[in-house]
Amino acid sequence: MTAALAPEVLIGELLRTADLLLAGHLDTTPAACHRGASLVLRTALEIAIDRKLEPVLPEPFRINMRAKLLCLRHYAAPRTARRATAVWSHVCLGCHYHGYEIGPTPAQVRIWRCEVDALVSQLVS
């Protein structure tokens with residue numbers, strides 16, 4: 001039996017995983033690295049948003065992320081809420097595979113990594 005990780009520890013592990021993927025230290029294709037990094041960044045951001053809303057929402061895990069982002073406008077600084085919404089939208093697009101689209105570039109994912117890191121520090125304090 002393993003103990004659940006604290007949200008801050010889990011977020012840190014997810015950000016380190018994104019770094020490993022972006023650095024090419026995991027055995028995957030380049031496209032999988034970028035999509036995988038996008039996915040772990042999205043997950044880290046979602047955990048930080050859940051953590052911020054946990055005291056005010058009775059059951060935050062029963063509503064979808066779009067609704068949580070709307071709620072975030074009332075419980076975080078307006079600029080932080082707008083940035084969280086924008087970054088979440090971008091990393092969501094980076095996670096999904098469409099045969100007719102080019103996946104996210106390494107530069108895009110690195111920018112998202114920096115944005116998620118900044119947002120996490122603002123949301124989880």
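Further up the page is the structure itself.
These lines cover the structure that appears in this document, whether it is placed above or below. (Residues numbered from 1 in each chain as written. Predicted model: local features only at pLDDT ≥ 70, side-chain atom pairs only at ≥ 80, totals over all residues. Heavy atoms only, no water.)

Some details on the nonpolar core
Thought 1: Counting 34 residues, the largest nonpolar core has Ile-11, Leu-41, Leu-45, Ile-49, Leu-72, Val-116 and Leu-123 as the members making the most contacts within it.
Thought 2: Among the secondary structure elements, those contributing two or more residues to this core are helix H1 (7-23), helix H2 (30-53), helix H3 (65-75), helix H4 (78-95) and helix H5 (106-123).
Thought 3: Examining the composition of this core, we find that ten residues originate from one element, H2, more than from any other.
Thought 4: Other than its neighbours up to four places away in sequence, Val-116 contacts Leu-15, Leu-41, Ala-44, Leu-45 and Val-87. (Core = buried A, V, L, I, M, F, W, Y, C linked by side-chain atoms within 4.5 Å. Buried < 20%, exposed > 50% of the residue type's maximum accessible area, 1.4 Å probe, protein only. Helix = DSSP H or I, 4+ residues; strand = E, 2+ residues; numbered from the N terminus. Contact = heavy atoms within 4.5 Å.)

What about the state of the cysteines?
Thought 1: Scanning the entire structure with this criterion turns up zero disulfides.
Thought 2: The thiol of Cys-71 is unpaired, and the distance to the nearest cysteine sulfur, on Cys-92, comes to 17 Å.
Thought 3: Since its relative accessible area comes to 22%, Cys-71 is described here as partly exposed. (Disulfide = S-S within 2.5 Å.)

Quick word on the packing of H3 against H4
Helix packing for two helices is described by the angle between their axes and how far apart those axes are.
Thought 1: H4 packs onto H3 with a crossing angle of 160 degrees between their chain directions and a minimal axis gap of 8 Å. On the basis of their axis angle, the class for H3 and H4 is roughly antiparallel. Taken as a pair, H3 and H4 cross one another with a handedness that is left-handed. Note on element contacts: H4 touches H3 through Ala-81, Ala-84, Thr-85 and Trp-88, opposite Met-65, Arg-66, Leu-69, Leu-72 and Arg-73.
Thought 2: For the contact of H3 with H4, the per-class residue count stands at six nonpolar, one polar and two charged. (Axes fitted to C-alpha atoms, helices over the stretch in contact; angles between N-to-C directions. Parallel < 35°, antiparallel > 145°, perpendicular 65-115°, else oblique. Left-handed = near helix turned anticlockwise from the far one by under 90°. Nonpolar A, V, L, I, M, F, W, Y, C, P; charged D, E, K, R; others polar.)

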